[in-house]
Every structure is written in structure tokens, then in C-alpha cells.
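Working through the structure, step by step
Residue-level listing of the chains:
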Amino acid sequence: MKRFLTLTAFASTALLAACGQPTEPAPDTAAPAEDAAMVPMAPTPAAQTTGHGTGVVTAVDPAAGTVTLDHGPIPEVGWPAMTMGFKADPALLATVKTGDRVRFDLVIKGGTSEITAIRPE
Ligand SMILES: [Cu+2]
């Protein structure tokens, strides 16, 4: 008799537990896609602002502190290969001339790209 009661109590507890399960709200699949589109785009993760590259000097003006490099990809800053101008300390530019293959370090600050080290390869 005691065993029967125990089993009954167990069954009743299980049944109550099952009945007591909160009903999961149905997922809101009707969320309009426009809402996602209206969320402002998150800024892309900041790429590094320093990098290292190789390239060829296509123009150099030590007096003005500018150098143009046909450089290879610089993954650190997310750049493909391109030809572009850089600022550089005039003293650095005294060591290179047009046509040199060079290795260089750069820093990007405020939209300006500056060569911080450059040497013929
Ligand atoms: Cu570039």
C-alpha cells in the first residue's frame, strides 16, 4: 500500500511538473526586415593604423617631405596594392630615389599616411 501511494505521488508530481511548464512564446517570425536595414551600420572594426610594405618609389620630393610609392598589398591596414603619395620626414627621403625598390613602415593618422621608416630593398 505504501509503495502504491509513493508511485501515485510520483506520477502526480510528474504530471504537475509537466503541466507547470511555461509555454514558450512563439518566435516572432513576422519581424519586418526593414527594421534591420534601418539600424545604423556599425563601424567596421578599426584596422590597424600601422603597417609594413614593399614597393617601388615612383616619385620623391625630400624638400616637400612627400614620396609616391607603387606599393604591394598591406593587409595590416586593409590596403590593396596601389600607387599613392605619403608624407615622410625629409631626412628619411634622402636615402631613397625614384626607381628604388623599398621596404617601408607607415602610420595612418587622421586620414594621412606617413612613412616612418623606408629603406632600399
Ligand atoms: Cu596605398
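Residues numbered from 1 in each chain as written. Predicted model: local features only at pLDDT ≥ 70, side-chain atom pairs only at ≥ 80, totals over all residues.

1. Notes on the overall build of the protein
- A count of helical and extended segments in the protein gives three helices and five strands.
- Start at the N end of the protein and walk to the C end: the helices and strands fall as α-α-β-β-β-α-β-β.
- By the burial criterion, 15% of the 121 residues in the protein qualify as buried.
- Counted over contacts in the protein with a minimum sequence separation of 6, partners at least 24 positions apart contribute 48%. (Helix = DSSP H or I, 4+ residues; strand = E, 2+ residues; numbered from the N terminus. Buried ≥ 20, exposed ≤ 12 C-beta atoms within 10 Å, placed from the backbone. Contact = placed C-beta atoms within 7 Å.)

2. Topic: the nonpolar core
- Grouped together as the largest cluster of nonpolar side chains are 13 residues, with contacts concentrated most on Val67 and Ile115.
- Only strand 1 (50-61), strand 2 (66-71), strand 3 (82-88), strand 4 (101-109) and strand 5 (112-120) provide two or more residues apiece to this core.
- Top element by residues in this core is strand 4. It accounts for three residues.
- Among all residues touching Val67, those that are not within four sequence positions of it are Val57, Ala59, Val60, Phe86, Ala88, Leu93 and Ile115. (Core = buried A, V, L, I, M, F, W, Y, C linked by C-beta atoms within 7 Å.)

3. Regarding the pairing of strand 5
- Pairing between strand 3 and strand 5: two bridges, direction parallel. Looking across to strand 5, one finds that Ala88 is bridged to Ile115.
- The hairpin turn running from strand 4 into strand 5, its antiparallel successor, is two residues long, and Gly110 in that turn takes a positive phi close to 55 degrees. (Pairing = 2+ DSSP bridges.)

In short, shape yes, function no, at least from these values alone.
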